[in-house]
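A look at the structure
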Amino acid sequence: MSKKQAQYQCRECACILPKWQGQCPDCKSWNSVEELPTIVGASQTNTNWHGKATTSSSILLSEVPVTDTPRFSSEISELDRVLGGGLVRGSVILLGGDPGIGKSTILLQCMAKISVSQNALYVTGEESPQQVSMRAQRLGLPNEHLKLLSSTCVEEIIAQTVINKPVVMVIDSIQTIYTNSLQSAAGSVSQIRESTAILVRLAKQSNIAIFLVGHVTKEGQLAGPRVLEHMVDTVLYFEGDSSTRYRVIRAVKNRFGAVNEIGIFAMTDEGIKQVSNPSAIFLSQHDKPVSGSIIMVSREGTRPILVEIQALVTESHSGHPRRISVGLEANRLAMLLAILQRHGGIPLYDQDVFINAVGGVRIAETGADLAVILAILSSYRDRPVSNRLLVFGEVGLSGEIRPVPNGEERLREAGKHGFETAIIPKANMPKRDSIKNMKLIPVNHLADTLDAL
Ligand code: TYD
Ligand code: MG
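An account of the accompanying structure is given in this report. Every value quoted in this text rests on a predicted model; they were computed, and no experiment measured them.

1. Focus: the pairing of strand β9 (residues 168–172)
- Most of β9 sits out of view: five of its five residues are buried.
- Direction of pairing for strand β7 (residues 120–124) relative to β9: parallel, over a ladder of five bridges. Among the inter-strand pairings, threonine 124 is bridged to a residue of β9, identified as aspartate 172.
- In the classification by handedness, the crossover that spans β9, the intervening helix α5 (residues 189–206) and the parallel strand β10 (residues 209–215) is right-handed.

Encoded structure:
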């Protein structure tokens, strides 16, 4: 190995440093700086892999031949939905999530089903072939056609794809994979990045759809650098608590479909089952109204989902009252508390505030603002709000209630579940008399909302 000059790189944020340091100056993480070997072929600009020296010339946008991206089904319709309508040949999909959340299980189920009609290869670097086979048997999956490869070397995997010619392949997991062209240990930032780069090139050249499994650190980031996210076509994250039954797969990046689309699954003793009618699973079904609980309709991806928002406000005994939010954005909570104080005249500076979206779901949209405010208020005053009441709307810094997209669709979904009253932004009022059997209370400002309540 001909080392020119050693360089160092942070495992977490991938920044390059001239010398080793205990703490990364960029992302401030400790013990994450490691040596980056500067051998030939280690850089991302390496072009000699299967290298064809093509001379490209520019063409007009209108002259680019447009072909429909051919898709095929992953045989799990909720997964197809997150992928934007199915798998695209030659695309690379990164599936991230906590350990034990079900990444291997869902991919094994999907690959076993695809293998009935197409060539599929499952590369396992973490579990032994026996473990994978036992799991497939226990789940009653078709196992006659799925090819299994126990390997962690990219070059070996490529050699196998030449023999097997798979249409779809799973790499479980990318953190265990290494390439012979680098000297550093598997799992290091340079190995993960270079291996991924090779696999991306393999996908494009051989037209294979590749799933890469990636572990997420405790901080919620893909272990290793986030650089993987921009190298692949699609990034899916598994959300949900390993202790709860429901799992959500969310698309955070998709070159072939919409982002923030979610697929909902349940972990059962027969593997992962899709939940085809998920609209009411994130409610906790109290028989009588309880304080601090408000139901909203969220729109995640392309469908409305009813979600219960819970708040608990208790007197604080420390100088720094706690603001804890689970499933909702913490910064937004701080902002809403400030709005409540300034425009609602309700000071909560001496109270601990906890909020939670029931069922382990994560709400990424602003339509939850009004529900959060009302849940906090209901808990603070210890006044239960009817569990037949529905709320949605965004709250602005001056206390105004702003409309959210697809209001009518949200109301219709709530109507199906028997909600009788809804507090909604004025601009979301349906034009015609299209929502029946529901009393709609339009609000313009936080003050109107508190009056209406
Ligand atoms: P796994 O897919 O191995 O997780 P990952 O690959 O994301 O680390 O899932 C393991 C967990 O799922 C484990 O805690 C047991 C649970 N599980 C079930 O509840 N039912 C099942 O049928 C299977 C296969 C796993
Ligand atoms: Mg696994």
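2. Brief notes about the pattern of salt bridges
- Considering all chains together, one arrives at 17 salt bridges under this definition.
- Residues glutamate 239 and arginine 362 are paired through a salt bridge, measuring 3.1 Å at the closest nitrogen-oxygen approach. Taken together, the residues span a long stretch of sequence, with glutamate 239 in strand β11 (residues 234–239) and arginine 362 in the loop between β18 (351–357) and α8 (369–381) at a distance of 123 residues.
- For arginine 362, a relative accessible area of 36% puts it in the partly exposed group.
- When the shortest N-O distance is used, the salt bridge between glutamate 409 and arginine 299 registers 2.5 Å. Of this pair, glutamate 409 sits in helix α9 (residues 407–416) while arginine 299 sits in strand β15 (residues 293–300), and the two are 110 residues apart along the sequence.
- A single network of salt bridges, built from pairs that share partners, joins Glu78, Arg81, Glu261 and Arg303.

3. Some points on the nonpolar core
- Val307, Ile309 and Ile376 are the most contacted members of the largest nonpolar core, which has 45 residues in total.
- When residues of this core are traced back to their parent elements, those giving at least two are β13 (262–268), β15, β16 (303–315), α7 (330–344), β18, α8, β19 (389–391) and β23 (439–443).
- A total of eight residues in this core trace back to one element, the largest contributor, which is α8.
- Inspection of this core shows a minimum of three residues originating in each of domain 2 (72–276) and domain 3 (280–452).
- Sequence-distant contacts of isoleucine 309, defined by excluding residues within four places in its chain, comprise Gly292, Ser293, Ile294, Met296, Leu328, Asn356, Ala357, Ala371, Val372 and Ala375.
- One finds Leu95, Val213, Phe265 and Ile272 within the second-largest nonpolar core, a separate group that totals 35 residues.

So, how was this worked out
- Position numbers for residues count from 1 along each chain, tracking the sequence in the order it is written.
- Labels are handed out in written order, letters beginning with A for the chains and numbers beginning with 1 for the ligands.
- Where local features are concerned, this predicted model is filtered to residues with pLDDT of at least 70; where side-chain atom pairs are given and counted, the filter is 80 or more; whole-chain, interface and lining totals use all residues.
- Water and hydrogen atoms play no part in the side-chain values, which are based on all heavy atoms of the structure.
- Three exposure classes are used, based on accessible area relative to the maximum for each residue type with a 1.4 Å probe and protein chains only: buried under 20%, partly exposed in between, and exposed over 50%.
- Where helices and strands are cited, they refer to DSSP runs of H or I of at least four residues and of E of at least two residues respectively, numbered from the N terminus.
- For two strands to pair, DSSP has to find at least two bridges joining them.
- A clockwise path from the first strand over the helix to the second, with the strands pointing away from the viewer, defines a right-handed crossover.
- Just to be clear on terms, a salt bridge is a Lys or Arg side-chain nitrogen sitting within 4 Å of an Asp or Glu carboxyl oxygen.
- What makes a nonpolar core is a set of buried Ala, Val, Leu, Ile, Met, Phe, Trp, Tyr and Cys residues whose side-chain atoms join them at distances within 4.5 Å.
- Segmentation into domains, and thus their bounds, comes from an automatic or database assignment.
- Here, two residues are considered to be in contact whenever any of their heavy atoms come within 4.5 Å of each other.

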